[in-house]
Amino acid sequence: MTQTRPPVQTIPAPEPAPATTLSSQPYEYRRTPLVEPDWTRFPGWRTVTRDQWESAQWQRVNCVRNIKQLRAVLGDTVDESLYTDLDADQRALATMSMLVTPQMINTMVPFAPVTTEALLADPIRRYMIPVASDRRTDWPSHPYAARDSLHEHDMWVAEGLTHRYPTKVLAELLSTCPQYCGHCTRMDLVGNSTPAVDKLKLTLKPVDRYDAHISYLRGHPGVRDVVVSGGDVANVPWRNLEAYLMRLLEIETIRDIRLATKALMGLPQHWLQPDVVEGLERVGRTAARRGVNLAIHTHVNHTQSLTPLVAKAAQTALDVGVRDVRNQGVLMRGVNATNTDLLDLCFALQGEAGILPYYFYMCDMIPNAEHWRVPVWRAQQLQHDIMGYLPGYATPRIVCDVPFVGKRWVHMVTEYDRERGISYWTKNYRTSIESADLAALSKRYAYYDPIDTLPEVGQRWWQAHRDA
């Protein structure tokens, strides 16, 4: 018997899709080569030569530390109102003293006339030279803001050595940087005291502090990863830093060493000095021989900060044996809290500067920082919006550094009260101050959104809570 085949079904062809262009995508990629802005556009630097500009010593000597020095650089390009605004912030609100390298100032308003309006709107200025009018007057600080918001000092196992994660430590070698960021999470320790904050002080001599670190690490073989920070390691005399790193490399259980330095971006001239390059090569060779991963972590928040000098410093570090150069930015309103800002920065980091996008932290709950912070839901949206554009290995994670918990991807929240802006998080390890706390792994830990981002009913709740 002949089997009859079923009739062929004709499936209508789909309607032709409307013509699309790249601009119809939510984000449009355009390659943009890095450019070193012309520093002579500033009145105070009109006679500065390239040799001077590329000198780390000249950069350090000519840092802007006060309004008088800023006025000398900017001249009459801005109105007196800007200096008055800055003075008001420095006198009452700033948690960090003023210190900005010429390199960083040169990335403010890089390709347009410098005016009061342009400088006030500039993303680099917003976090490096904050003014009083930037900050919120309704909620300048969250009620649960704290000087040491991550309790790093509470977790010191030796002066400057924070043991928060089971296998990792943070080594604060010193309390200074080549430049001070307004949003610094270590504002209780780093930099000079301000009228708003009387800073803590490191009391041991550096040699004794370093000895204490090495002694602790030798006695705790469960620690395999050391983040060498401060402050900024670029402010440690190279001979001292190299000696410290070589001592770390002698400890058999240390397998990862990360050097934390915003100066790779803010003072790339430092990392291009011959003695630093040669010393980094010695450390890199020793690390490779021992099978230790040596990396540099820098801190770039906006694509304007990336210039050919920054790319040269990053590539030089890679050439002499540093395994990776990675970026840990901070998510801030008015600076980079849009998908376009983040993607532009990540493409410039990965494609032009040889720096791997790694983390974007939510700005921590320190005093007078509410105008910078974003709510958890916004961070989750940004993580969603940047996926699919970058290579997977160069797609950064947006993380919330939850007090007593540590870094958590923003989608790992356990419970979230959007109305009151309270998110709850859990963890899977004990910090060094919780060894006897049997309930540490079953608790929920709270984190708080900026109150001005809440619905009206939530803002009223916090107002009543504050007034109670």
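Scroll up a little and you will see the structure.
Parameters and conventions
- Residues numbered from 1 in each chain as written.
- Predicted model: local features only at pLDDT ≥ 70, side-chain atom pairs only at ≥ 80, totals over all residues.
- Heavy atoms only, no water.
- Buried < 20%, exposed > 50% of the residue type's maximum accessible area, 1.4 Å probe, protein only.
- Helix = DSSP H or I, 4+ residues; strand = E, 2+ residues; numbered from the N terminus.
- Pairing = 2+ DSSP bridges.
- Right-handed = clockwise from strand over helix to strand, strands pointing away.
- Salt bridge = Lys/Arg side-chain N within 4 Å of Asp/Glu carboxyl O.
- Expected span 1.5 Å × (residues − 1).

Caption draft 1: A look at the pairing of strand β3 (residues 168-172). Burial analysis of β3 places 4 of its 5 residues in the buried class, which makes it a mostly covered element. With 3 bridges connecting them, strand β2 (residues 161-165) and β3 associate as antiparallel partners. Bridge pairing links T162 to L170 in β3. The turn linking β2 back onto β3 is made up of 2 residues. For the handedness criterion, the β-α-β arrangement of β3, helix α8 (residues 206-219) and strand β4 (residues 225-229) is classed as right-handed.

Caption draft 2: Seen up close, the pattern of salt bridges. The final tally for this structure, using the stated rule, is 28 salt bridges. With a closest N to O distance of 3.7 Å, R290 and E252 form a salt bridge. On the criterion of sequence distance, the pair formed by R290 in helix α12 (residues 274-290) and E252 in the loop between α9 (238-249) and β5 (256-260) is long-range, its members being 38 residues apart. Given a relative accessible area of 57%, E252 falls into the exposed group. Here R326 makes a salt bridge to D324, at a shortest N to O gap of 3.1 Å. Bridged by salt links that share partners, the residues R136, D138, R333 and D452 form one connected network.

Caption draft 3: Structural context of α12. Compared with the 24 Å implied by 1.5 Å per residue over 17 residues, the 24 Å span of α12 between its first and last C-alpha is a close match. Among the residues of α12, V276, V277, G279, L280, V283, G284, T286 and A287 are the ones counted as buried. Looking one or two residues beyond α12, the residue adopting positive phi is G291, at roughly 75°.

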